[in-house]
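# Coordinate analysis (summary)
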Amino acid sequence: MIPLGAVEFSPGDVALILAVLTLGATALALPATLTFAWVGHLRAKDHPGWSAFGYWLSGTAICLATTALAAGRGLGWWAVPLGWLPTLLLAVVLKPRSDPKAS
């Protein structure tokens, strides 16, 4: 059947669509956000698990925002790896050195 008018979604349908999009985007961001969480675990002094979780949350927020901005520019699926770039760059910059005395 071909709809003849505008498609109308109920508030429940809109909430379900947004939830699926958010969970899918979070899953696609895992390569970058798990790397950033590992850096948080390495940098922690007292509670590495909580630090890794905090880094993962902040990395996910950065990655999702960047992906949404890139998708808004019409980049299609290229928005996903472009969304990883800021989080991965932060992971490289914040990764602690293996030898603190090396310069």
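Refer to the preceding data block for the structure.
On a predicted model such as this, the values are computed, not experimentally measured, just so you know. (Residues numbered from 1 in each chain as written. Predicted model: local features only at pLDDT ≥ 70, side-chain atom pairs only at ≥ 80, totals over all residues. Heavy atoms only, no water.)

## What to know about the packing of aromatic side chains
Geometrically, a pair of aromatic rings is defined through the distance of the ring centres and the angle of the planes. One pass over the structure, following the stated rule, counts 3 aromatic pairs. Look at Phe36 and Tyr55: their rings are 5.1 Å apart centre to centre, the planes differ by 50°, and that puts the pair in the tilted class. Linking Phe36 in helix H2 (residues 30–43) with Tyr55 in helix H3 (residues 48–72), this pair joins segments that are 19 residues apart in sequence. Ring geometry for Trp50 against Phe53: centres 6.2 Å apart, planes inclined by 80°, an arrangement best described as edge-to-face. Residue Trp50 and its partner Phe53 are both found in helix H3; the two are separated by 3 residues, about one turn of the helix. The exposure class of Phe53 is partly exposed, given its relative accessible area of 41%. Aromatic ring contacts, followed pair by pair, group Trp50, Phe53 and Trp56 into a single cluster. (Phe/Tyr/Trp six-rings, centres within 6.5 Å; stacked < 30°, edge-to-face > 60°. Helix = DSSP H or I, 4+ residues; strand = E, 2+ residues; numbered from the N terminus. Buried < 20%, exposed > 50% of the residue type's maximum accessible area, 1.4 Å probe, protein only.)

## Considering the side chain of Thr87
With respect to the helices and strands, Thr87 occurs in helix H4 (residues 79–94). Assessed through its relative accessible area of 0%, Thr87 is described here as buried. Discounting residues that sit within four places of it in the chain, Thr87 has contacts with Ala32, Thr33, Phe36, Gly59, Ile62 and Cys63. (Contact = heavy atoms within 4.5 Å.)

## Details of the packing of H3 against H4
H4 packs onto H3 with a crossing angle of 145° between their chain directions and a minimal axis gap of 7 Å. Considering the relative orientation of H3 and H4, their crossing is right-handed. Along its contact with H3, which presents Tyr55, Gly59, Ile62, Cys63, Thr66, Thr67, Ala70 and Ala71, the element H4 presents Ala79, Val80, Leu82, Gly83, Trp84, Pro86, Thr87, Leu90 and Leu94. When its residues are assigned to classes, the contact of H3 with H4 shows 12 nonpolar, 5 polar and no charged. (Axes fitted to C-alpha atoms, helices over the stretch in contact; angles between N-to-C directions. Left-handed = near helix turned anticlockwise from the far one by under 90°. Nonpolar A, V, L, I, M, F, W, Y, C, P; charged D, E, K, R; others polar.)

## Examining the layout of surface pockets
By volume, the largest pocket is sized at about 250 Å³. Surrounding the largest pocket, 14 residues form its lining, Ala25, Leu64, Thr67, Ala68 and Val80 being those nearest its centre. Elements supplying a minimum of two residues to the lining of the largest pocket: helix H1 (11–28), H3 and H4. Broken down by element, the residue count for the lining of the largest pocket peaks at 6 residues, all from H3. In the lining of the largest pocket, the residues fall into 12 nonpolar, 2 polar and no charged. (1 Å grid on protein atoms, 1.4 Å probe; cavity = no way out; pocket = protein on both sides within 12 Å on 5 of 7 lines; lining within 4 Å. Points joined across faces, edges and corners; volume = space filled by probe spheres on them.)

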